[in-house]
Each structure stands twice: as C-alpha cells, then as structure tokens.
Amino acid sequence: MTERTAYRVALIGADIQLSKTPALHMREGAAHGLDYVYELVDIHALKLPESALPDLLSELERRDFAGTNITHPFKQAVIAHLDSLSEDARMLGAVNTVVFREGKRIGHNTDWYGFYESFQRGLPDAKRDRALLIGAGGAGVAVAHAALKLGIKHLDIFDQDKDRAARLARDLNARFGNPRAFAVDTPADSLSHADGLIHATPVGMPAHPGMPVSPELIEPRHWVADIVYMPLVTELLATAAAKGCRTLPGGGMTVFQAVGAFRLFCGYEPDPARMTAHFTEMCLAEGVA
C-alpha cells in the first residue's frame, strides 16, 4: 500500500457524460479512506477538437493527477504521446489507462483484463474448445485477446466488415504464435460447432435494439457472454437464458476494467465484490437493469 492518500484521476473521451466509471472509482477510493476525485474530460462537452489530446494530457500532469483513463476516440491516438506501454497495451495497440509516474506516461490496457476476470468468475468451468466472437471493432479486439488468454482453443470471428474480422484473426495468430483465430462469413458457420458465443458490438443497447444473431442459432448447450451492460440483461441474454444457456452479463467487464485501472492509479487493492454491488446499484437506480 502506498503512503499517498490523495488522488486525482480522469477519463478523456467524447460523449462520456453517462459513464459510471467516476462513481465506481470514487466510492472505492472512499472505502479505502482516500481523497479520491475522478473527473470527466469530455471533448464534446468542452467543445474541443480531437487535436487537443496532447494539451489535455499535459494539463492533467501539471495538476498532479495520478493518471487518466482513455476512451473513444483516443485509445490508439494516445500512444504517440506516451513514454512506454505495458506488454498487453503494446500487443493490442490500444490504451485505456495512462499512469503518470516520475515524469513518465505509461500506457496500459485493462479492457481485456475486464472481460478475462469477468469470465473467470462468471463462467469458470465453461467448455473452451471453440467459441464465436461477434464484433471485431475496438471492444472486440480486447475481448478476443482475453478469449485466447482464457484458453479458448479455436476462436471464430464474425464482423459485418469481413476484412476487419480477417485482420483481427491474423493479428491474434501472429501474437499468440499459432492459428487459433479464424474469420467466418456468418454466425451460422460457427455456432453449430461452438461451445459458446461472445458478443462485442453495440447491438442490444437502447439505441441499437435487437439481437446480433438469429435466436434459432442459440442452443441450450451454449454459454453466452455479452459486453453490453445497458441494459444489464440484453435481449440476447434473456433469449439465451430462456433456452437454458449459461450467461455472462456485460457489467462484469466494466467493473473489472475499473478494478484494474484503480489498482494501477493508486496501488491500493480494490474490492471487486464491493464494486460489482455498487455498479448493479447504479444500474438499478437508472432503470437499466
């Protein structure tokens, strides 16, 4: 545990006013007796261009912040303004957490860790021979990395942009050293053989209603993991549960990426159960559960 008791951290991104991350961090900080303040730096609310990123980082350093989380549209762009990267951030080519330490900016990625920990706790004995990942965008990249670290032997990847799915499969195979990831043309090509389904697109959120796959493709033997957390129980998860599938809601990924970032910022060990309960409480209060 560190000697310092006052921490200032932030989240830099666009359209982030509804983020639950500040509240998660600040209540956990208070539970440790810390003076812990988390600020939103929303470039749209501040009417700033994306080119303001270097100045925003410098301003936080001048104000003695411990670090900052990074979200859309800066997870790749921020790398050019950092001194070093953790191994996972380097492999993923994306950063969601920057720690300011001894005059250096160190980039980390806790997005993949968020899914990894959530899966380990929520589906610890799930069969991992083969799975289908839907979505090869920013979230999909982190989730795919976690999926192979979880020991999934064969990962099929489907994306509406077939080139993006193929590119992610190539990157994963180069990173992990053997062919375990494969782009597929349709979800049906995989789900008849897969043990489980991982969903990493916005489908299921209020602004993107619906399901990412046809319900008839989901079988009771499948496990189904979703990264969408508003609502906590998406149409995909409700459909899967009704068929008898084991399911994993998206809230866990959100909580555990915050767990990882909190630990990096202050060195104190967060309580995942407490943070999960707080997250669920916030979702229920907002009627998104």
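Fair warning: this is a prediction, and the values are worked out from it, not measured in the lab. (Residues numbered from 1 in each chain as written. Predicted model: local features only at pLDDT ≥ 70, side-chain atom pairs only at ≥ 80, totals over all residues. Heavy atoms only, no water.)

Caption draft 1: Representation of the overall build of the chain within the structure. Counting its regular elements, the chain contains ten helices and twelve strands. Scaling as 2.2 N^0.38, a compact globule of 289 residues should have a C-alpha radius of gyration of about 19 Å, and the chain matches this with 19 Å. Among the 289 residues that make up the chain, the fraction classed as buried is 52%. A separation of at least 24 residues holds for 71% of the contacts in the chain among residues at least 6 apart in sequence. Surface summary for the chain: the accessible area is close to 12,600 Å², and the carbon and sulfur share equals 53%. (Helix = DSSP H or I, 4+ residues; strand = E, 2+ residues; numbered from the N terminus. Rg over C-alpha atoms; globule rule 2.2 N^0.38 Å. Buried < 20%, exposed > 50% of the residue type's maximum accessible area, 1.4 Å probe, protein only. Contact = heavy atoms within 4.5 Å. Areas by Shrake-Rupley, 256 points an atom, 1.4 Å probe, with all protein chains shown as cover.)

Caption draft 2: Up close: unusual backbone geometry. Between His72 and Pro73 the backbone carries a cis peptide bond, its omega angle lying at 10 degrees. By the element assignment, Pro73 lies in the loop between strand E3 (67-70) and strand E4 (84-85). Of note, the bond from Met230 into Pro231 is cis; its omega dihedral lies within 30 degrees of zero at 5 degrees. The topology assignment puts Pro231 in the loop between strand E11 (223-226) and helix H8 (235-242). Even without glycine at this site, Asp15 takes up a positive phi of about 55 degrees. Residue placement: Asp15 occurs in the loop between strand E1 (6-13) and helix H1 (21-31). A positive phi angle, near 55 degrees, is found at Lys47, a position not held by glycine. Looking at the element boundaries, Lys47 is found in the loop between strand E2 (35-42) and helix H2 (53-62).

Caption draft 3: A look at the pattern of salt bridges. Per the stated rule, a full pass over the model turns up 18 salt bridges. Asp88 is the salt-bridge partner of Lys149, the closest N and O atoms lying 3.2 Å from each other. One end of the pair, Lys149, is in helix H5 (residues 138-149); the other, Asp88, is in helix H3 (residues 87-92), and 61 residues separate them in sequence. Ionic contacts of the salt-bridge type, sharing partners, join the residues Lys127, Asp129, Lys153 and Asp195 into one network. (Salt bridge = Lys/Arg side-chain N within 4 Å of Asp/Glu carboxyl O.)

Caption draft 4: Expanded view of the packing of aromatic side chains. Here the structure, examined in full by the defined rule, presents eight aromatic pairs. Seen from their ring centres, Trp112 and Tyr113 are 6.4 Å apart, and the 80 degrees between their planes marks the pair as edge-to-face. Accessibility classification places Trp112 together with Tyr113 in one group, the buried group. With centroids separated by 5.0 Å and ring planes inclined at 80 degrees, the aromatic side chains of Phe119 and Trp223 adopt a geometry described as edge-to-face. Remark: Trp223 occurs in strand E11 and Phe119 occurs in helix H4 (residues 111-122); sequence separation between them is 104 residues. The exposure classification of Phe119 matches that of Trp223, with both residues buried. Grouping aromatic residues by their ring pairs yields a cluster made of Tyr7, Tyr36, Phe262 and Tyr268. The positively charged end of Lys149 is found above the aromatic ring belonging to Trp112, 4.5 Å away from the centroid. A cation sits over an aromatic face here: Arg180 above Phe176, 5.8 Å from the ring centre. (Phe/Tyr/Trp six-rings, centres within 6.5 Å; stacked < 30°, edge-to-face > 60°. Lys NZ or Arg CZ within 6 Å of the ring centre and 35° of its normal.)

Caption draft 5: Molecular detail of the layout of surface pockets. For the largest pocket, the calculated volume is near 1,700 Å³. Contributing to the lining of the largest pocket are 50 residues, with Thr71, His72, Lys75, Ala139 and Ile227 lying nearest its centre. Of all the elements in the fold, those that place two or more residues in the lining of the largest pocket are E3, H5 and helix H9 (251-266). Looking at the lining of the largest pocket element by element, the count peaks at five residues for H5. Of the residues in the lining of the largest pocket, the class split is 24 nonpolar, 20 polar and six charged. (1 Å grid on protein atoms, 1.4 Å probe; cavity = no way out; pocket = protein on both sides within 12 Å on 5 of 7 lines; lining within 4 Å. Points joined across faces, edges and corners; volume = space filled by probe spheres on them. Nonpolar A, V, L, I, M, F, W, Y, C, P; charged D, E, K, R; others polar.)

Caption draft 6: Structural context of the packing of H1 against helix H10 (residues 272-285). One way to put it is that H1 packs onto H10 with a least axis distance of 10 Å and a crossing angle of 135 degrees. By the angle between their axes, H1 is oblique relative to H10. H10 is crossed by H1, and the crossing has right-handed handedness. Contacts from Ala23, Leu24, Arg27, Glu28 and Ala31 in H1 reach Arg274, Met275, His278, Phe279, Glu281 and Met282 in H10. A class-by-class count of the residues in the contact of H1 with H10 yields six nonpolar, one polar and four charged. (Axes fitted to C-alpha atoms, helices over the stretch in contact; angles between N-to-C directions. Parallel < 35°, antiparallel > 145°, perpendicular 65-115°, else oblique. Left-handed = near helix turned anticlockwise from the far one by under 90°.)

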